[in-house]
Amino acid sequence: MSFPRTLGELRRSSFSEERLLDRHVKDELRENLIERLRTNTPIFPGIVGYEDTVVPQIVNAILSRHNFILLGLRGQAKSRILRALTSLLDPHLPYVAGCDIHDNPYAPICRRCRDRIGECGEATAIAYLTPEERYVEKLATPDVTIADLIGDIDPIKAARGGHELSSELTVHYGLLPRANRGIFAINELPDLAGKIQVGLFNIMQEGDVQIKGYPVRLPLDVALVFSANPEDYTARGKIITPLKDRIGSEIRTHYPATVEEGITITTQEAWAERDGNELSIPKYVREVIERIAFAAREDKKIDKRSGVSQRLPISCIENVISNAERRAIEHSEKVVVPRVSDIYAALPAITGKLELEYEGEMKGADFVGRELIRSAIAKTYDQYFSGANLQQVVQWFELGGEIQILDDSAASEVLQSLRKIQGLMDKLTRINVGPKDAAEAQVSAAEFVLEGLHAHKRIGRNEERIFTAGEKPVKIAEKTFEREEGPYRPRRPLN
Ligand SMILES: [Zn+2]
């Protein structure tokens with residue numbers, strides 16, 4: 001398809017004056033959204049868990065032609081949703097070629113374009129924007145200036161052109177005018193200084209603004225969308241009232257409501273398709289990883305106001321796969337099957353995602369991280385093994401049995417030892433693993449059971465990842481004494 005290249009051609013095409021003159025960006029979003037609703041096309045493909053909550057509210061905001069704000073904690077796909085709004089823009093938008101603010105050819109607002117159309121008339125050149133080019137995003141920080149956001153007066157340009165300082169021809173446009181006829185997203189709105197918020201409000205309300213004391217008229221056509229942490233946003237004095245009043249809809253986002261939803265998101269976002277060995281991630285490993293985030297979101301030692309991002313399980317599973325990958329490469333194993341011990345090895349992908357409260361700080365991020373993993377294992381174990389009789393396995397350890405399963409132990413070696421534990425391997429049918437499955441899968445499953453028993457304190461495990469009998473309260477003193485180790489042994493961190 002070839003597009004009209006001059007104003008004259010444009011007039012005679014489907015981009016007629018009648019259609020485009022008054023079609024503002026919010027009308028365009030609305031029309032295209034209505035078309036989606038009519039044809040039952042998904043509005044935000046890939047956004048999971050918001051179908052009945054966030055999405056209908058966004059739809060209403062767009063139908064209402066509102067500027068809106070998404071309020072939510074970090075890692076709730078806020079930026080992603082805002083970016084996805086571009087899919088509701090027309091595939092091609094004509095504008096006056098060379099215009100910094102992408103003027104509508106039928107209603108240019110900048111002097112340069114009005115002058116050009118005056119000179120060239122119907123021969124004025126036309127260019128086109130893609131939806132992505134019409135999306136401008138800015139992370140608000142306290143040091144954002146009017147110059148960044150709205151524009152600046154360029155005295156050199158003014159002198160050279162012989163213009164009055166306040167003339168539009170001397171304005172160097174900031175981000176907002178450059179988003180003209182598109183979507184402008186400001187993330188973390190409360191971090192924007194008060195006087196910048198005033199500037200933003202003036203543009204929204206009056207279509208003019210003062211730059212360095214000079215009034216500049218800018219009747220922009222922009223859909224403004226924002227995101228913010230709910231507590232920052234509602235805190236008194238963080239947002240100037242007139243600006244708040246101009247934001248039509250406040251929409252709250254949330255974390256996945258169920259472990260299953262969380263898994264769907266994590267699976268979609270994590271980098272798992274790697275070159276090399278076949279990868280098989282057991283369901284229980286995915287569940288444990290997801291439950292770490294769920295547990296963290298409820299933990300008193302972790303700051304509720306900043307939340308626990310969905311990026312925690314995503315980074316964690318990537319690291320888990322890598323640890324399993326490393327083991328498979330070292331032992332030339334065919335299938336990469338992550339184990340629970342790989343989750344402990346992925347602690348570096350977890351701790352950085354936790355904002356600790358005072359109590360958590362005292363205990364340390366590693367300790368808090370391990371505690372979360374352990375509680376996630378216990379819950380997941382219960383899903384599969386509540387009601388199962390594992391007394392025989394516990395007894396095996398109580399009778400003095402011991403087994404070491406390092407996270408880099410080869411599956412074939414460990415499997416031999418695991419088989420000696422009476423009553424263990426036949427329980428694995430509960431997680432769909434049988435004797436005919438790959439050694440890698442059997443070891444992972446058996447280790448999950450042992451980790452589950454350990455998480456419930458029914459058996460013990462030490463720093464060398466040796467599973468032993470559980471500590472009997474009466475024997476504690478004696479046992480600690482027996483197990484004392486020399487001071488020179490390098491210690492693996494206690495998982
Ligand atoms: Zn222009």
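Brief notes about the coordination of the zinc ion
Point 1. Looking at the zinc ion, one finds its protein donor set to be Cys99 (SG), Asp103 (OD), Cys110 (SG) and Cys113 (SG), positioned 2.1 to 2.2 Å from the metal centre.
Point 2. With four donor atoms in place around the zinc ion and angles of 96 to 125° between them, the coordination shape is tetrahedral.
Point 3. Coordination of the zinc ion draws on donor residues from a single chain, spaced C-x3-D-x6-C-x2-C in sequence. Taken together, the residues Cys99 in the loop between strand S2 (93–96) and helix H6 (111–120) and Cys113 in helix H6 connect sequence positions 14 residues apart.

Concerning the side chain of Ser315
Point 1. Here Ser315 shows up in helix H15 (residues 311–330).
Point 2. If near-sequence neighbours (up to four positions away) are discounted, Ser315 is found in contact with Ala349 and Lys353.

Let's talk about the confidence of the model for the chain
Point 1. Here the chain shows a mean pLDDT of 90. Residues at 70 or above account for 92%.
Point 2. Contacts for the low-pLDDT stretch residues 475–487, under 50 throughout, to residues beyond four places or in other chains number nine contacts.

A word on the environment of Ile292
Point 1. Of note, Ile292 is situated in helix H14 (residues 283–298).
Point 2. Under the relative-accessibility criterion, Ile292 is labelled buried at 0%.
Point 3. Between the C-alpha atoms of Ile292 and Glu122, which are 170 residues apart in sequence, the distance is 63 Å.
Point 4. Once you skip the residues sitting within four places of it in the chain, Ile292 turns out to touch Leu312, Cys316, Ile343, Ile350, Leu372, Ile373 and Ala376.

Things to note about the pairing of strand S7 (residues 182–187)
Point 1. The element S7 is extensively covered by neighbouring structure, given that six of its six residues are classed as buried.
Point 2. With five bridges connecting them, strand S4 (residues 135–139) and S7 associate as parallel partners. Looking at the pairing, Leu139 lines up with Asn187 of S7.
Point 3. As judged from the six bridges shared by S7 and strand S10 (residues 222–228), these two strands associate in the parallel manner. Bridge pairing in S10 links Gly182 to Val222.

Conventions adopted
- Residues numbered from 1 in each chain as written.
- Predicted model: local features only at pLDDT ≥ 70, side-chain atom pairs only at ≥ 80, totals over all residues.
- Heavy atoms only, no water.
- Donors = N, O, S within 2.8 Å, 3.2 Å for Na, K, Ca; no water.
- Tetrahedral: all angles 85-135°; square planar, octahedral: opposite > 155°, others 65-115°.
- Helix = DSSP H or I, 4+ residues; strand = E, 2+ residues; numbered from the N terminus.
- Contact = heavy atoms within 4.5 Å.
- pLDDT = per-residue confidence, 0-100.
- Buried < 20%, exposed > 50% of the residue type's maximum accessible area, 1.4 Å probe, protein only.
- Pairing = 2+ DSSP bridges.

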